[in-house]
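Below, each chain spelled out in residue letters.
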Amino acid sequence: MVELPKKIAVLGSNSFSGSSFIAYCLSLGMEVLGMSRSRQLPAVFLPYKWENAKKSGSFKFEKLDLNHDPDKIADAICSFYPDYVVNFAAQAMVAQSWEHPEHWYQTNVVGNVKLHDRIRKFDFLKKYVHVSTPEVYGNCTGQVTESTPFNPSTPYAASRAACDLHLHTFFNQYKFPVVFTRAANVYGSGQQLYRIIPRTIFCIKIGKKLQLHGAGHSTRSFIHIGDVAAATLKVAQQGIAGDTYHISTDLHISIRALVELICKMMKADFTKLVEIVDDRPGKDAAYLLNSDKLRKQLNWKDHISLKDGIGETIDWINDNFEELKKQPFEYIHKE
């Protein structure tokens, strides 16, 4: 049995995936240092703050920006002396990356490179987990394995691919113990309202039209954040340095079918809900991740079905509806 780490540092701790991963680590009794450029968000978006969260571990938060405070982040990691660092921090959003591409390259490449050049010298790190994205593969057909060549089609995807390649040079030159994860579309309670699953639920509840880009024909695999958190910790503990691991389910569904499923679960009329609009530039029609490597090498499997996960997300929105109505419904860009 693999021993649980005592300390783990998490970059991007206020992100949906980062805060959910922290909640999972705290439930296992770990000491966690979280760092994010933004102040801690309303508790409704931070699973590690929820009253029903199991918190046998301890958590410390520091407001530090990857672009402005790489040395302070490195110093904080050094002082904390963790077994692992997991980096969820990135300038996200695909469509918006066309508007200010330099912001995406600044955060996802330059900011990360400055930090990596500091922490590569930390001999106490057992593993550095870089949370990447399947967007680096571009538009693919069939099952995508970890050896699929990069073919990014947006500034966001290109910036993430560039950072991954940079980290491979550090692994080859310095034996920096980096491992990469690429997850299918992640969802669950606590996710930002502009993402497709909570957005659909919220639009149904408030009677707002839901724009369906390209009629929703693009195909994705959706995986619950609980399964992703467990997989991420497994990769940190047992993953082979220099390797990449896909985190995905075997269920593939079009965005249209996903919205139709949510409508059925909430007894809403799909035809009255959606508004068909043009597709976003550079949007990939499909990327279907093959997760056999993670399943076979690290003995991981997903446990939460799409229907159960959507049901949980509906309950979260229902239970926090008054608070969520006060929160931004659209993506707000931060440079």
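Note that the structure is a prediction, hence the values are computed from the model and not measured. (Residues numbered from 1 in each chain as written. Predicted model: local features only at pLDDT ≥ 70, side-chain atom pairs only at ≥ 80, totals over all residues. Heavy atoms only, no water.)

Enquirer: Describe the overall build of the protein, and please don't skip the residues or the numbers.
Expert: Looking only at helices and strands, the protein features 11 helices and 15 strands. Along the longest, intermediate and shortest principal axes, the C-alpha atoms of the protein span 60 × 45 × 40 Å. Expressed as a percentage of the 335 residues in the protein, the buried residues total 55%. Contacts in the protein between residues far apart in sequence, at least 24 positions, make up 83% of those at least 6 positions apart. Carbon and sulfur atoms provide 50% of the accessible area of the protein, an area that totals close to 14700 Å². Treating the 40 positive side-chain charges of the protein as one cloud and the 35 negative ones as another, the clouds have centres 2 Å apart. (Helix = DSSP H or I, 4+ residues; strand = E, 2+ residues; numbered from the N terminus. Buried < 20%, exposed > 50% of the residue type's maximum accessible area, 1.4 Å probe, protein only. Contact = heavy atoms within 4.5 Å. Areas by Shrake-Rupley, 256 points an atom, 1.4 Å probe, with all protein chains shown as cover. Lys, Arg positive; Asp, Glu negative; His and termini not counted. Charge placed at Lys NZ, Arg CZ, Asp CG, Glu CD.)

Enquirer: Tell me about the sheet that holds strand β5 (residues 127–131), residues and numbers included.
Expert: If you trace the 7 strands from one edge of the open sheet to the other, you get β3-β2-β1-β4-β5-β7-β12, paired in parallel fashion. Two strands close off the open sheet at either side, each with one partner strand: β3 (58–63) and β12 (244–247). Direction aside, neighbouring strands of the sheet carry axes that sit 20° apart on average. Of the pairings in the sheet, the one linking strand β4 (residues 84–87) to β5 comprises 4 bridges and is parallel in character. Bridge assignment links Asn87 to a residue of β5, and that residue is His130. Against the sheet, helix α6 (residues 225–238) touches β1 (7–11), β4, β5, β7 (178–183) and β12, its axis set at about 145° to β5. (Pairing = 2+ DSSP bridges. Axes fitted to C-alpha atoms, helices over the stretch in contact; angles between N-to-C directions.)

Enquirer: Any chance you could break down helix α2 (residues 70–80) for me, citing the residues and the numbers?
Expert: Of the positions making up α2, those classed as buried are Pro70, Ile73, Ala74, Ala76, Ile77 and Phe80. Axial view of α2: buried residues confined to an arc of 160°, hence all on one face. Away from the buried face of α2 by more than 90 degrees, exposed residues Lys72 and Ser79 are located. Those residues of α2 hidden inside the fold are in contact with β1, β2 (31–36), β3, β4 and α3 (101–119). Just beyond α2, the residue with positive phi is Tyr81, at close to 60°. (Arc of directions from axis to C-beta.)

Enquirer: Which residues make up the pattern of salt bridges, and what values go with them?
Expert: Counted according to the given criterion, the structure contains 11 salt bridges. Asp83 serves as the salt-bridge partner of Lys126, at 3.5 Å between the closest nitrogen and oxygen. Within this pair, whereas Lys126 is found in the loop between α3 and β5, its partner Asp83 is found in the loop between α2 and β4, the two being separated by 43 residues in sequence. Shared partners join several salt bridges into a network, and the residues in it are Asp71, Asp75 and Arg118. (Salt bridge = Lys/Arg side-chain N within 4 Å of Asp/Glu carboxyl O.)

Enquirer: Pulling in residues and values, what's your account of the layout of surface pockets?
Expert: A volume near 670 Å³ is recorded for the second largest pocket. Listing elements by their share of the lining of the second largest pocket, those giving two or more residues are α1 (16–27), α6 and α10 (306–319). Here the residues of the lining of the second largest pocket sort into 11 nonpolar, 7 polar and 6 charged. (1 Å grid on protein atoms, 1.4 Å probe; cavity = no way out; pocket = protein on both sides within 12 Å on 5 of 7 lines; lining within 4 Å. Points joined across faces, edges and corners; volume = space filled by probe spheres on them. Nonpolar A, V, L, I, M, F, W, Y, C, P; charged D, E, K, R; others polar.)

Enquirer: With reference to specific residues and values, describe the packing of aromatic side chains.
Expert: Here the structure, examined in full by the defined rule, presents 9 aromatic pairs. Arranged with centres 4.5 Å apart and planes meeting at 45°, the rings of Tyr48 and Phe59 form a pair that is tilted. In this pair, Tyr48 is assigned in the loop between β2 and β3 and Phe59 in strand β3, connecting sequence segments 11 residues apart. Of the residues examined, Tyr48 reaches a relative accessible area of 4% and is grouped as buried. With a relative accessible area of 28%, Phe59 lands in the partly exposed category. Taking 5.2 Å as the distance between ring centres and 85° as the angle between the ring planes, the aromatic pair formed by Phe170 and Tyr174 counts as edge-to-face. Within this pair, Phe170 and its partner Tyr174 are both found in helix α4 (residues 155–174), separated by 4 residues, close to a single helical turn. In this structure Phe170 comes out as buried when scored by relative accessible area, which is 11%. Taken together, the ring pairs connect Tyr81, Phe122 and Phe124 into an aromatic cluster. (Phe/Tyr/Trp six-rings, centres within 6.5 Å; stacked < 30°, edge-to-face > 60°.)

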